[in-house]
Amino acid sequence: MEVLLDITTGLDLVDNDEELYRSLLEFYLTDNKFDVKELHGLIMKSKPEAASYIHRVKGASRQIGARAAAAQGQLIEDILREKAVGNLAPLINDFCGIYASTVNEVKKYLGIPQD
């Protein structure tokens, strides 16, 4: 399995500023929440809006070094933007598990009790 939270990469992206990295991780938990129901609703309404939604989550994941979530989000975004063909259902299902595990890794790093 790909790395869920590559702390070294995340720190490299912020020039090893751990305070900034911790702030990004906290932002990931509070302002970057992923809701599968919202994604499904957006898919039914507008694939470009759904692509934008997953793009935001993917970008935030990439910014903290959450490589698996970023990679899986990219697959979903590519299908929604019709740059690739595939079955969204299993990709979204996998993303949900990866995202939940990533959130737990972020909480562990920050010293926050996990669900």
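Analysis parameters
- Residues take numbers from 1 onward in each chain, read along the sequence in its written order.
- Per-residue local features are limited, in this predicted model, to residues with pLDDT of at least 70; the limit for side-chain atom pairs, both in listing and counting, is 80 or more; totals at the level of whole chains, interfaces and linings are taken over all residues.
- Calculation of side-chain values draws on the structure's entire complement of heavy atoms; hydrogens and water are dropped beforehand.
- For the purposes of this entry, the term helix denotes a DSSP run of H or I that reaches at least four residues, the term strand denotes a run of E that reaches at least two, and both are numbered from the N terminus.
- Identification of polar contacts relies on pairs of N or O atoms within 3.5 Å, with a donor-acceptor requirement for protein atoms, meaning one able to donate a hydrogen and the other able to accept it, and with residues adjacent in sequence counted only if both atoms are side-chain atoms.
- Pairs of residues are marked as contacts when any of their non-hydrogen atoms sit within 4.5 Å.
- Axes, fitted as lines to C-alpha atoms, cover a helix only where it is in contact. Angles between the N-to-C directions of the axes lie from 0 to 180 degrees.
- Roughly parallel refers to an angle under 35 degrees, roughly antiparallel to one over 145, roughly perpendicular to one between 65 and 115, and oblique to any angle outside these ranges.
- Lys, Arg, Asp and Glu make up the charged group, whereas Ala, Val, Leu, Ile, Met, Phe, Trp, Tyr, Cys and Pro make up the nonpolar group; the residues left over, Gly among them, are polar.
- Put simply, a salt bridge is a Lys or Arg side-chain nitrogen that is within 4 Å of an Asp or Glu carboxyl oxygen.
- A simple rule labels every residue: compare its accessible area, found with a 1.4 Å probe on the protein chains alone, to the largest value its type can have, and call it buried under 20%, exposed over 50%, or partly exposed in between.

1. Brief notes about the side chain of D6
Residue position: D6 is located in the segment before helix 1 (7–13). Of the polar contacts made by the side chain of D6, one reaches the backbone nitrogen of T8; its length is 3.2 Å. Engagement of the side chain of D6 in a polar contact is seen with the side chain of T9, the distance being 2.8 Å. Other than its neighbours up to four places away in sequence, D6 contacts Y21, I64, G65 and R67.

2. Here's the deal with the packing of helix 3 (residues 36–45) against helix 4 (residues 47–64)
Packing of helix 3 against helix 4 brings their axes to within 6 Å, and their N-to-C directions diverge by 150 degrees. The angle between helix 3 and helix 4 falls in the class roughly antiparallel. Residue-level contacts link E38, L39, L42, I43 and K45 of helix 3 to K47, E49, A50, Y53 and I54 of helix 4. In terms of residue class, the contact of helix 3 with helix 4 is made up of 6 nonpolar, no polar and 4 charged.

3. A word on the pattern of salt bridges
According to the stated counting rule, one finds 5 salt bridges in the structure shown. The partner of D6 in a salt bridge is R67, with the nearest N and O atoms 3.0 Å apart. Within this pair, whereas D6 is found in the segment before helix 1, its partner R67 is found in helix 5 (residues 67–80), the two being separated by 61 residues in sequence. Residue class for R67 comes out partly exposed when judged on its relative accessible area of 35%. K45 is the salt-bridge partner of E49, the closest N and O atoms lying 3.5 Å from each other. E49 sits in the partly exposed class, given a relative accessible area of 36%. Here K45 falls in the exposed class, since its relative accessible area comes to 62%. Through salt bridges that share partners, K58, E77 and R81 make up one connected network.

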